[in-house]
Amino acid sequence: MKLYEFQAKNILRGYGIRVPQGRAISRKDAAAKAYAEIGASRCVVKAQIFAGGRGKSGGILFADSPVEAATRTAGMLGARIVTPQTTPQGAVIQYVLLEEAISITKELYLAIVIDRSLQTPMVVACGEGGVEIEEVAAKHPEKIIKEPIDVLFGIHPFQVRRLAAQLKLAGVSFVKMNSFIVNLFSAFIQNDCSLLEINPLVITADGELCALDVKMDIDDNALYRHPEFEPFAACQDATPAEALARKHKLSYIGLDGNIGCLVNGAGLAMATMDIIKLHGGAPANFLDVGGDASLEQVTQAFKIILSDPKVKAVLINIFGGIMKCDTIASGIIEATKGGGVKTPLIVRLEGTNADMARKTLERAGSGIFCVKDMKEAARLAVSKAIESNQS
């Protein structure tokens, strides 16, 4: 789950991390009041989207009066913004953040990420903030500073001193860095973050550290521990199908093809998509129901796939271990009850109760094709999708 900048900053405030005073608004007529409440002589008007690169695309502007703030806000809300990190269609601006303009003496980059190779959180820092860190890493890898963090004991003081020295900090900012990173790591761990990025982290005129821009991603697998994030789900930039999949705890990603895929296990799902491509087809989605999905989850998975108008055939590829094949068969029948589904369903079931499931599906009527071989299932799915397109 991605959080908007203003949502992430509200969380960091609770950990004693300084962020600019600001107000998030979703109505054009609220800008002047928000400007007055902030009480600064100059404000920054920032479009809130789940992508970076806003500054290069007119998504970050300055305002020197309530009237100017209202004008800037009116031009953003409801508009689409295209950045290097969005799709060509861009993203609709639903929220705007008004913040006090901060006097800056130095910009840095600071983030905590998960290092998969070391299996531990990692502090990543750079003396050049406000830039695309990927570009710096590619052209000047020596400028990237990394410090692994012990997940149990946290970052050690000597690591912070080493990091601050490499960033060429001095005086108040050197001293403040220790508590800043300790608090940032607490926020990272306690909120089950997969990414917590501050870019730029700025040193103000009085030597304080301030998180000028924040990106926070929450691990979806840990959301059950965070009911406080449930209101944020409505803000996610997700299609109705993706929102329904999240609600029923299904792993779903929409794609551009016309063959729907319902599979258990991420590895088998990837293999299924590959074999569809090998036979000349294109998958319409990635959908993993998991190893122990309930009848309700399987039924909803079918409804999600069939809600996509591009889908001309559905390939169900299940290896029943913990997942029982007869549960899949029951889900298929439940989802197609009433005879309203005209999309061909190609079903390949192996494992627990597979024979029982195949017999159940064979009695269900036309439109369901049971096959034992994965290659044959892919070939038939591609063939049926072509037939459906031609009819």
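Please read all numbers here as calculations on a predicted model, not as lab measurements. (Residues numbered from 1 in each chain as written. Predicted model: local features only at pLDDT ≥ 70, side-chain atom pairs only at ≥ 80, totals over all residues. Heavy atoms only, no water.)

Q: Please explain the pattern of salt bridges as it appears in this structure.
A: Under the definition given, this model contains 22 salt bridges. With a shortest N-O distance of 3.0 Å, Asp-29 and Arg-27 are connected by a salt bridge. Counted as one network, the salt bridges with shared partners bring together Glu-5, Lys-9, Lys-46, Arg-54, Glu-99 and Asp-213. (Salt bridge = Lys/Arg side-chain N within 4 Å of Asp/Glu carboxyl O.)

Q: Would you mind showing me how to read the sheet that holds strand E7 (residues 95–100) here?
A: In sheet architecture, strand pairing relies on hydrogen bonds along the backbone and comes in two forms, parallel and antiparallel. The 4 strands are arranged E2-E7-E3-E4 in an open sheet whose pairing can be described as antiparallel. Edge positions in the open sheet fall to strand E2 (22–25) and strand E4 (60–63), since each of these has one partner strand only. Direction aside, the axes of adjacent strands within the sheet are offset by 20° on average. Sheet topology note: the strand E3 (residues 43–48)/E7 ladder contains 6 bridges and is antiparallel. Bridge pairing links Cys-43 to Glu-100 in E7. Strand contacts of helix H3 (residues 66–76): E2, E3, E4 and E7, with the helix running at about 160° to E4, the strand carrying the most contacts. (Pairing = 2+ DSSP bridges. Helix = DSSP H or I, 4+ residues; strand = E, 2+ residues; numbered from the N terminus. Axes fitted to C-alpha atoms, helices over the stretch in contact; angles between N-to-C directions. Contact = heavy atoms within 4.5 Å.)

Q: Would you mind showing me how to read the packing of aromatic side chains here?
A: Remark: the centre distance and the inter-plane angle together describe each pair of aromatic rings, the angle taken between the planes. For the structure shown, the criterion picks out 5 aromatic pairs. Their ring planes at 25° and their centres at 5.7 Å tell us that Phe-229 and Phe-232 sit as a pair that is stacked. The buried category is assigned to Phe-229, whose relative accessible area is 3%. Judged by its relative accessible area of 18%, Phe-232 is buried. Within the aromatic cluster, the residues linked to one another by ring pairs are Tyr-4, Phe-6, Phe-50 and Tyr-95. Cation over ring: Arg-42 sits above Phe-62, and NZ or CZ is 4.3 Å from the ring centre. (Phe/Tyr/Trp six-rings, centres within 6.5 Å; stacked < 30°, edge-to-face > 60°. Buried < 20%, exposed > 50% of the residue type's maximum accessible area, 1.4 Å probe, protein only. Lys NZ or Arg CZ within 6 Å of the ring centre and 35° of its normal.)

Q: Teacher, can you tell me more about the side chain of Asn-285 here?
A: Mapping Asn-285 onto the fold places it in strand E16 (residues 285–288). Assessed through its relative accessible area of 2%, Asn-285 is described here as buried. In terms of polar contacts, Asn-285 uses its side chain to reach the backbone carbonyl oxygen of Cys-261, at 2.8 Å. Here Asn-285 is in contact with Tyr-252, Ile-253, Gly-254, Leu-255, Ile-259, Gly-260, Cys-261, Met-273 and Ile-305, once residues within four sequence places are set aside. (Polar contact = N/O pair within 3.5 Å; in protein donor to acceptor, adjacent residues only side chain to side chain.)

Q: Is there a simple way to explain the side chain of Asp-288 in this structure?
A: Locating Asp-288 in the fold gives a position in strand E16. Summary of buried charges: Asp-288 has no salt-bridge partner, and the nearest side chain of opposite charge, Arg-348, is 13 Å away. At a separation of 2.6 Å, a polar atom in the side chain of Asp-288 contacts the main-chain amide nitrogen of Gly-265. Side-chain polar atoms of Asp-288 contact the backbone nitrogen of Gly-290, separated by 2.8 Å. Discounting chain neighbours no more than four positions away, the residues touching Asp-288 are Leu-250, Ser-251, Val-263, Asn-264, Gly-265 and Ala-266. (Lys, Arg positive; Asp, Glu negative; His and termini not counted.)

Q: Just checking my understanding: could you explain the pairing of strand E18 (residues 345–351) for this structure?
A: The two faces of a sheet get side chains in turn, since along a regular strand they alternate between them. Burial analysis of E18 places 5 of its 7 residues in the buried class, the great majority of the element. As judged from the 7 bridges shared by strand E17 (residues 313–320) and E18, these two strands associate in the parallel manner. Paired with Ile-318 across the two strands is Leu-349, which belongs to E18. Bridging between E18 and strand E19 (residues 368–371) involves 4 bridges; their strand directions are parallel. In the sheet register, Val-347 faces E19, and the bridge partner there is Cys-370.

Q: How should the nonpolar core be read in this particular structure?
A: Nonpolar side chains in soluble globular proteins tend to be buried together. Grouped together as the largest cluster of nonpolar side chains are 40 residues, with contacts concentrated most on Met-177, Leu-184 and Met-216. When residues of this core are traced back to their parent elements, those giving at least two are helix H1 (5–13), strand E8 (104–115), strand E9 (120–126), helix H5 (157–166), helix H6 (171–190), strand E11 (193–204), strand E12 (209–211) and strand E13 (214–218). With near-sequence residues (within four places) excluded, Met-177 lies in contact with Val-160, Ala-164, Leu-167, Leu-169, Leu-201 and Leu-209. The next biggest cluster of nonpolar side chains, apart from the first, holds 31 residues, and it includes Ala-293, Met-323, Leu-345 and Ala-354. (Core = buried A, V, L, I, M, F, W, Y, C linked by side-chain atoms within 4.5 Å.)

Q: Would you take a moment to explain unusual backbone geometry for this structure?
A: Most peptide bonds are trans, and most residues other than glycine sit at a negative phi. That bond from Asn-199 to Pro-200 is cis: its omega, 5°, falls within 30 degrees of zero. Its identity is not glycine, yet Lys-168 carries a phi of approximately 60°, on the positive side. Here Lys-168 lies in the loop between H5 and H6. For Asn-353, which is not glycine, the phi dihedral falls at a positive 60°. Within the element layout of this structure, Asn-353 appears in the loop between E18 and helix H11 (354–362).

Q: I would appreciate a short explanation of the pairing of strand E15 (residues 259–263) in the present structure.
A: When you tally the buried positions in E15, you get 5 out of 5 residues, the bulk of the element. The two faces of E15 match: Ile-259, Cys-261 and Val-263 on one face and Gly-260 and Leu-262 on the other face are all buried. The sheet contact formed by E15 and E17 spans 5 bridges and is parallel. Within the sheet, the bridge partner assigned to Leu-262 lies in E17 and is Ile-316.

Q: Can you help me understand helix H8 (residues 266–278) in this one?
A: One turn of an α-helix holds 3.6 residues; hence residues three or four places apart share an orientation. The terminal C-alpha atoms of H8 lie 18 Å apart, and with 13 residues this matches the ideal 18 Å at 1.5 Å per residue to within 8%. For H8, the full list of buried residues reads Leu-268, Ala-269, Thr-272, Met-273, Ile-275 and Ile-276. The arc enclosing the buried residues of H8, seen along the axis, measures out at 165°, which places them on a common side. In H8, the exposed residues that point more than 90 degrees away from the buried face are Gly-267, Asp-274, Lys-277 and Leu-278. Against E15, E16, E17 and helix H12 (374–390) lie the buried residues of H8. Of the residues trailing H8, Gly-280 is marked for its positive phi of about 90°. (Expected span 1.5 Å × (residues − 1). Arc of directions from axis to C-beta.)

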